[in-house]
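# Chains, contacts and geometry: an overview
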Amino acid sequence: METEIKEKKTADINKYMSTYMKKKYYENPVQHRNYKNSLNIRKKYVIDDKTWDKYKDNLYSIITLKETIDNLPEGAFEKFLMEYKNLHFEKKVVVDI
């Protein structure tokens, strides 16, 4: 009897959380995706609370940037920072015929 009540309570909580997360996702999908990515990255890396509080939802992007910068050849990132304001890129428009 007691286990049935716990199972029903757990099922109700899971259903509520599922509905709540879907609602949050549709309100702002980009923020929700950043939040999920940051939680996953926090599981993979050792991150102190100070860093977590500072970057929170942007932590995934920050760590990805850091890894990308570390993989660049010596001096490439400094050159990029000097030219950052003048760089402009546009995506090509692909037309299917």
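Conventions adopted
Residues numbered from 1 in each chain as written. Predicted model: local features only at pLDDT ≥ 70, side-chain atom pairs only at ≥ 80, totals over all residues. Heavy atoms only, no water. Helix = DSSP H or I, 4+ residues; strand = E, 2+ residues; numbered from the N terminus. Rg over C-alpha atoms; globule rule 2.2 N^0.38 Å. Buried < 20%, exposed > 50% of the residue type's maximum accessible area, 1.4 Å probe, protein only. Lys, Arg positive; Asp, Glu negative; His and termini not counted. Charge placed at Lys NZ, Arg CZ, Asp CG, Glu CD. Phe/Tyr/Trp six-rings, centres within 6.5 Å; stacked < 30°, edge-to-face > 60°. Contact = heavy atoms within 4.5 Å.

### Side note on the overall build of the protein
Each helix and strand counted, the protein has five helices and zero strands in total. Relative to the compact-globule value of 13 Å for 97 residues, the protein shows a C-alpha radius of gyration of 21 Å, a clear excess of over 25%. For the protein, the spread of C-alpha atoms along the principal axes amounts to about 70 × 50 × 20 Å. Evaluated residue by residue, the protein yields a buried proportion of 7% over its 97 residues. Measuring between centres, the 20 positive side-chain charges of the protein sit 4 Å from its 16 negative side-chain charges.

### A closer look at the packing of aromatic side chains
Enumeration according to the criterion identifies three aromatic pairs in this entry. Measuring from ring centre to ring centre gives 6.2 Å for Y16 and Y20, while their planes differ by 20°; the resulting arrangement is stacked. You can see Y16 and its partner Y20 sitting in helix α1 (residues 2–27), four residues apart, about one turn around the helix. Three or more aromatic residues joined by ring pairs form one cluster here, namely F77, F80 and Y84.

### Some remarks on the environment of W52
Within the secondary structure layout, W52 lies in helix α3 (residues 49–55). Residues W52 and I69 lie 17 residues apart in sequence; the distance between their C-alpha atoms is 20 Å. For W52, the residues in contact, after removing those within four places along its chain, are S38, L39, R42, I47 and L59.

### What to know about unusual backbone geometry
A positive phi angle is found at K56, which is not glycine, with a value near 35°. Inspection of the secondary structure assignment puts K56 in the loop between α3 and α4 (59–71).

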